[in-house]
Amino acid sequence: MSKDIQAIIATDCGSTTTKAILIEKVGNEYRQTFRGEAPTTVEAPFEDVTKGVLNAIQEVEELSGRKILDGDKIITTVNGKVGVDAYISTSSAGGGLQMMVAGAIKTMTAESAQRAALGAGAIVMDILASNDKRLPHQKIERIRQLRPDMILLSGGTDGGTVTHVVELAEYIGAADPKPRLGMSYRLPVLYAGNKDARGKVKEILDHKMALTITDNLRPTLEEENLMPARLEIQNLFLEHVMAQAPGYKKLMEMVSVEIMPTPAAVGEIMQTIARLNSINVIGVDIGGATTDVFSVIGETFNRTVSANYGMSYSISNVLADAGLKNVMRWLSFDIDEKEVRDRIKNKMIRPTTIPQSLEELKIEQAISREALRLSFDQHKLLAVGLKGVQQTRTIADVFSQEGTGQSIIKMTELDMIVGSGGVLSHAPRRNQSMSMMIDAFLPEGITTLTVDSIFMMPHLGVLAKIDGEIATEVFQKDCLIYLGTCIAPAGQLKKFGQKIMDYKITMGGKTIQEDLHFGDLKHFHLGIGETAEVELNPAKNFDVGAGKGKTYKGTVQGGVVGLIVDGRGRPIEFPEDDQERKNIIKKWNQAMDLYPVY
Amino acid sequence: MGHSYTPGLRVAKRTVIAKDRILPLKGEVVNKIGDLVQRDSIVAKTDLPGNVSTINVVNLLGIQAMEIDQYMLKKVGDSFEKDELIAESKSFIKWFSTQIKAPLKGKIESISSVTGQVLLREPPIPVQVKGYINGKVTEVVPKEGVVVETVCSFIQGIFGIGGETWGTLKFAVKSPGDVLEEANITSEYKDAIIVGGAFADFAAIKKAIQVGVKGIILGGIKDGDLRTILGYDLGVAITGSEDVGVTLVLTEGFGKIQMAQRTWNCLKDREGAIASISGATQIRAGVIRPEIIIPYDDADLSRIEKEVHEAKPVAIGNQVRVIRQPYFGRIGTVTDLPSALTQIESETHARVLKVKFEGNNEEVTIPRANIELIEE
């Protein structure tokens, strides 16, 4: 599309809310001008997603004064304040895209298949592999029980094993799972494995399921080729799964470009940020039911979804997996543990409630730290180099031999963390968003932190498909809010109080020269668009990005929160004594100016 | 503005409820439109494909996969009995041949000349869907099931565990604020659905299971007790298939919370009637709430008119339940609905309303997101 575009309306149909944003040309620039939202209407009694879409757009119409709708139709020619140039949409309604993946070897093709599905925006319900230690009948039973929306079958490098792949196809064929939506359509199965097994796989599955064959996602052990499978998954999602959801056929006719699964659109925009700025980025989108983590490290993009970590529907699961002690360690006040458990369960069954009291807000933000931490841990397990790859070693590697499949995320090499989702985007104070992200992701060295202002990354991700320039302009001007920079020397000591770094910060014509002690947390105001020159001299066992004990000099960016110098060590050390722990949490909360009362 | 509404839990003394009684797979529908069905009568049935098990014939016989057909005594689609021979190695002396017997009764699903595996399919598993409530069939979904409608008292719970069951509605406590103690539960409650007031602990629920109580309706339970009953920590509120010996319906939530007077009164009016209850809860997409349906068996089912129940926006004068701290569980009446965003204690800017609580004249400001309507 050309720069003649005057206005675009975009919606994201979430599980509970449909959010619409209007992007308009204002003078010579493109800005996100108005937003509206309405409950999603996939479920009974409405059972038509377009009703929620029209309601959300109607709200935008009322706020903006732009006429967008003509009855149930979107006006797609612009004439002054009437009409828009395009309507685009993403969707995660109805639980998103739920997939099962299968591969010959768990840590090789099955893991690649998992990465392909996740990158396409799916939730992976289970991973089948020939060596997953389950007996054949257990695998078959599992496939039958899960009722996925789609199955991705891979396995074998080209010219490699056929037997294991055919065996998996036999299990899938025997299970003959029925799709989750619609009783009568055939379950889509995508085959992206050894090309030599295509004939046999076709023979076994073609008459029972909607089989599609694409390029092998692991043609050799050294190479992963995920794009063909990812694109095919998104096509199948539209053709088969979405077409079954109430009202989607209508929605598909309304949009100007194909509907994208919400996480795929967010992944698209994350990659755009990383590419434009040549930086390593980690992004997180924490929702009510799931938490998505994205990373773009160098040229490699990875996405994981923690399907059962979220702030409402899945909040109990965060408690179950993190443990109550890990949640309670962030609280500075006394509260009965049983009471906390009951409150968390009540949030699970009434997911749309919001914290009214300060105490409730603190509990909710403590849980979010743990949900983010657990989701990031899961991401690091999958964002790894290829396993099973032959490596050439020299004599120099003798003392530092690393196996294959090491995590590609090195915290000191990370440049930016982007946060999104209600608990981060709508925290009453931006300081709270920055604090939650620092505590959960534990950035090391110098890291910029940002949040999505009003959750418009999905919309911009799909917009990037029709006009990358407009998407980027709006992203930088209206979507990203710079919170500031975190400086964190990585290292560990047994006791608080010992000096771990001295630093010189020059900003606004003034220079601050101080020592940082273990356990300190400091906050300096450095506004949006402002920068500071820093000189950091860490102690010999601490690394601020230049190596242990080595000086770092550079420029850091400000933001709505400012500059945080975090001397709490990595991982953060908590005092064993409960009273001491509460005191230090109060001190940290105060340093970050998190709450009106600590 | 787009529609915004606060969903509430229904408490209706007399209403019309339609229940979908649908098979998991296509099958046979027993009834036709207009039929009167009983809660325990079968309305639809089908056969689920039997379980599959595998035998690696090639490994057992020590042969090549491509030769498998020569050694199979049964072909794809053939039936066999348990212990019947299905494959055998060739030998000049019969005594030396290796024989493979069927570990179960079933049919040959497939024979693979690539993997050497033989898949055996067990006989189909019959599945039946019962009426669940006494009522009239108002719709038939061909090959899938029926819709049964009834005139009844209808109460939605907030959370439950356990599947569909029914029994005589009995009261084991005297008021909605009472705690159901272990001592309250006697053998007179066998096969009954009992109402237990504000709370019951694990000991009381265990006693109910021992006595043979079919279902318990309560204000709340402790999360810790739920964990003990289930044997695991429930992570996501998707329930209904638990097999703990009793169906549990919570009307208010977790903790000790007095049952709403209106809920209590509605149940009390129907004491002694047969109640059908289900603990099935699903908070995510496709919301399912636990329910209590108490049909009026004397109602004229021939004159049932389809009821359209629409979620309504909250209005002044509505009775509401507070569903989050600091006023969690309290019930009151809406007195004001300011339209502007208001800053609350947590510093969040939210749309709020004012509520006057039952029992005293205390009036407080609460985010609209933290109340639910008690709907007729």
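Rules used throughout
Residues numbered from 1 in each chain as written. Chains lettered and ligands numbered in written order. Predicted model: local features only at pLDDT ≥ 70, side-chain atom pairs only at ≥ 80, totals over all residues. Heavy atoms only, no water. Helix = DSSP H or I, 4+ residues; strand = E, 2+ residues; numbered from the N terminus. Rg over C-alpha atoms; globule rule 2.2 N^0.38 Å. Buried < 20%, exposed > 50% of the residue type's maximum accessible area, 1.4 Å probe, protein only. Contact = heavy atoms within 4.5 Å. Areas by Shrake-Rupley, 256 points an atom, 1.4 Å probe, with all protein chains shown as cover. Salt bridge = Lys/Arg side-chain N within 4 Å of Asp/Glu carboxyl O. Polar contact = N/O pair within 3.5 Å; in protein donor to acceptor, adjacent residues only side chain to side chain. Nonpolar A, V, L, I, M, F, W, Y, C, P; charged D, E, K, R; others polar. Pairing = 2+ DSSP bridges. Domains from an automatic or database assignment. Disulfide = S-S within 2.5 Å. Core = buried A, V, L, I, M, F, W, Y, C linked by side-chain atoms within 4.5 Å. Phe/Tyr/Trp six-rings, centres within 6.5 Å; stacked < 30°, edge-to-face > 60°. Lys NZ or Arg CZ within 6 Å of the ring centre and 35° of its normal.

On to the overall build of chain B, then. Of regular secondary structure, chain B possesses five helices and 29 strands. On C-alpha atoms alone, chain B measures out to a radius of gyration of 28 Å, which is more than a quarter above the 21 Å that the 2.2 N^0.38 rule sets for 376 residues. Overall, chain B is about 100 × 55 × 55 Å in size when its C-alpha atoms are taken along their principal axes. Looking at the 376 residues of chain B, the share that counts as buried comes to 53%. Partitioning the intrachain contacts of chain B with sequence separation of at least 6 by distance along the chain shows that 66% fall at a separation of at least 24. For chain B, the exposed area adds up to about 17,000 Å²; of that, 49% sits on carbon and sulfur atoms.

Contacts between chain A and chain B engage 59 residues on the former and 66 residues on the latter. At the boundary of chain A and chain B, one finds ten salt bridges. Among the salt bridges present, the one from Glu-109 of chain B reaches Lys-208 of chain A, with a minimum N-O distance of 3.5 Å. Remark: the boundary between chain A and chain B carries 26 residue pairs in polar contact (both at pLDDT 80 or more). Mapped by element, the contributors of at least two residues to the side of chain A that touches chain B are helix H1 (49–64), helix H3 (136–146), helix H4 (163–175), helix H9 (315–322), helix H11 (337–349) and helix H12 (358–382) of chain A. Counting residues per element, the side of chain A that touches chain B draws most heavily on H11 of chain A, at nine residues. Residues of the side of chain A that touches chain B, tallied by class, amount to 22 nonpolar, 16 polar and 21 charged.

Another point: the side chain of Asn-346 of chain A. If you trace the backbone, Asn-346 of chain A turns up in helix H11. Asn-346 of chain A gets classed as buried once you look at its relative accessible area, which sits at 6%. Those residues in contact with Asn-346 of chain A, other than ones at most four positions away along the chain, are Gly-253, Phe-254 and Phe-328 of chain B.

For the rest of this paragraph, the subject is the sheet that holds strand E2 (residues 28–29) of chain B. Read across the open sheet, the three strands follow the order E2-E4-E11 (chain B); overall the sheet is antiparallel. At either end of the open sheet lies a strand with only one pairing partner, and these are E2 and strand E11 (125–130) of chain B.

Residues and elements named next belong to chain A. Here strand E9 (residues 150–153) shows a buried face lined by Met-150 and Leu-152 and a second buried face lined by Ile-151 and Leu-153. The sheet contact formed by E9 and strand E10 (residues 188–191) spans three bridges and is parallel. Paired with Ile-151 across the two strands is Val-189, which belongs to E10.

Further remarks concern the domain arrangement of chain A. Residues and elements named next belong to chain A. Along its sequence, chain A is organised into domain 1 (7–93), domain 2 (96–249) and domain 3 (281–306 + 410–591). The C-alpha centroid of domain 3 is placed 38 Å from the C-alpha centroid of domain 2. In this complex, domain 2 contributes eight residues to the contact, which on the side of domain 3 involves six residues. Applying the counting rule to domain 2 against domain 3 returns zero salt bridges. Elements with a minimum of two residues in the side of domain 2 that touches domain 3: helix H2 (109–119) and strand E8 (122–129). Among the elements that line the side of domain 2 that touches domain 3, the one with the most residues is H2, at four residues.

Residue and element names in this part refer to chain B. Following the sequence through the fold, Thr-98 ends up in the loop between strand E7 (85–88) and strand E8 (99–101). Look at Thr-98 and you get partly exposed, because its relative accessible area is 35%. For the pair Thr-98 and Asp-178, spaced 80 residues apart in sequence, the C-alpha separation works out to 70 Å. Setting aside anything within four residues of it in sequence, one finds Thr-98 in contact with Leu-60, Leu-61, Ala-87, Glu-88 and Ser-89.

Residues and elements named next belong to chain A. If you walk through the whole model with that rule in mind, you get zero disulfides over all chains. Here Cys-13 is not disulfide-linked; the sulfur of Cys-479 is the nearest cysteine sulfur, at 18 Å. Assessed through its relative accessible area of 0%, Cys-13 is described here as buried.

A few words now on unusual backbone geometry. The phi angle of most residues is negative, glycine excepted, and most peptide bonds adopt the trans form. In this chain, Arg-570 of chain A is followed by Pro-571 of chain A through a cis amide linkage whose omega measures -5°. Tracing the sequence through the fold places Pro-571 of chain A in the loop between strand E24 (562–566) and helix H17 (578–591). Phi angles above zero are rare outside glycine, and Lys-133 of chain A is one such case at about 70°. Mapped onto the secondary structure, Lys-133 of chain A falls in the loop between E8 and H3. Using a relative accessible area of 81% as the deciding quantity, one classes Lys-133 of chain A as exposed. Even without being a glycine, Asp-83 of chain B presents a positive backbone phi close to 75°. Within the secondary structure layout, Asp-83 of chain B lies in the loop between strand E6 (79–80) and E7.

Attention now moves to the nonpolar core. The nonpolar side chains of a soluble globular protein tend to be buried, and buried together. Membership of the largest hydrophobic core comes to 115 residues, with the highest contact counts inside it found for Phe-159, Ile-216 and Leu-267 of chain B. Top element by residues in this core is H12 of chain A. It accounts for nine residues. Excluding residues within four positions of it along the chain, Ile-216 of chain B makes contact with Leu-180, Ile-194, Ile-205, Ala-208, Val-246, Thr-247, Leu-248, Val-249 and Ile-277 of chain B. The next biggest cluster of nonpolar side chains, apart from the first, holds 52 residues, and it includes Ala-38, Ala-113, Ala-117 and Ala-245 of chain A.

A separate point is the packing of aromatic side chains. Each aromatic ring pair is summarised here by two numbers: the centre-to-centre distance and the angle between the ring planes. Following the criterion strictly, the structure yields ten aromatic pairs over all chains and no others. Their ring planes at 50° and their centres at 5.3 Å tell us that Phe-159 of chain B and Phe-254 of chain B sit as a pair that is tilted. One end of the pair, Phe-159 of chain B, is in strand E14 (residues 159–161); the other, Phe-254 of chain B, is in strand E20 (residues 247–254), and 95 residues separate them in sequence. Phe-254 of chain B shares its class with Phe-159 of chain B; the two are buried. Through a chain of ring-to-ring contacts, three or more aromatic side chains come together here, namely Trp-330, Phe-574 and Trp-588 of chain A. The ring centre of Tyr-595 of chain A lies 5.1 Å from the NZ or CZ of Lys-362 of chain A, which sits over that ring. Geometry around Tyr-296 of chain B places Arg-14 of chain B over its ring, the cationic atom sitting 4.4 Å from the centre.

With that out of the way, let us pick up the pattern of salt bridges. If you walk through the whole model with that rule in mind, you get 58 salt bridges over all chains. Linking Lys-582 of chain A and Asp-334 of chain A is a salt bridge whose minimum nitrogen-to-oxygen distance equals 2.3 Å. Here Asp-334 of chain A lies in the loop between helix H10 (324–328) and H11 and Lys-582 of chain A lies in helix H17, a separation of 248 residues in the sequence. Residue Lys-582 of chain A is classed as buried on the basis of its relative accessible area of 6%. Exposure remark for Asp-334 of chain A: the relative accessible area of 62% places this residue in the exposed category. Connected through shared salt-bridge partners, Glu-339, Arg-343, Lys-347, Glu-359, Glu-360 and Glu-364 of chain A together with Arg-324 of chain B make up one network.

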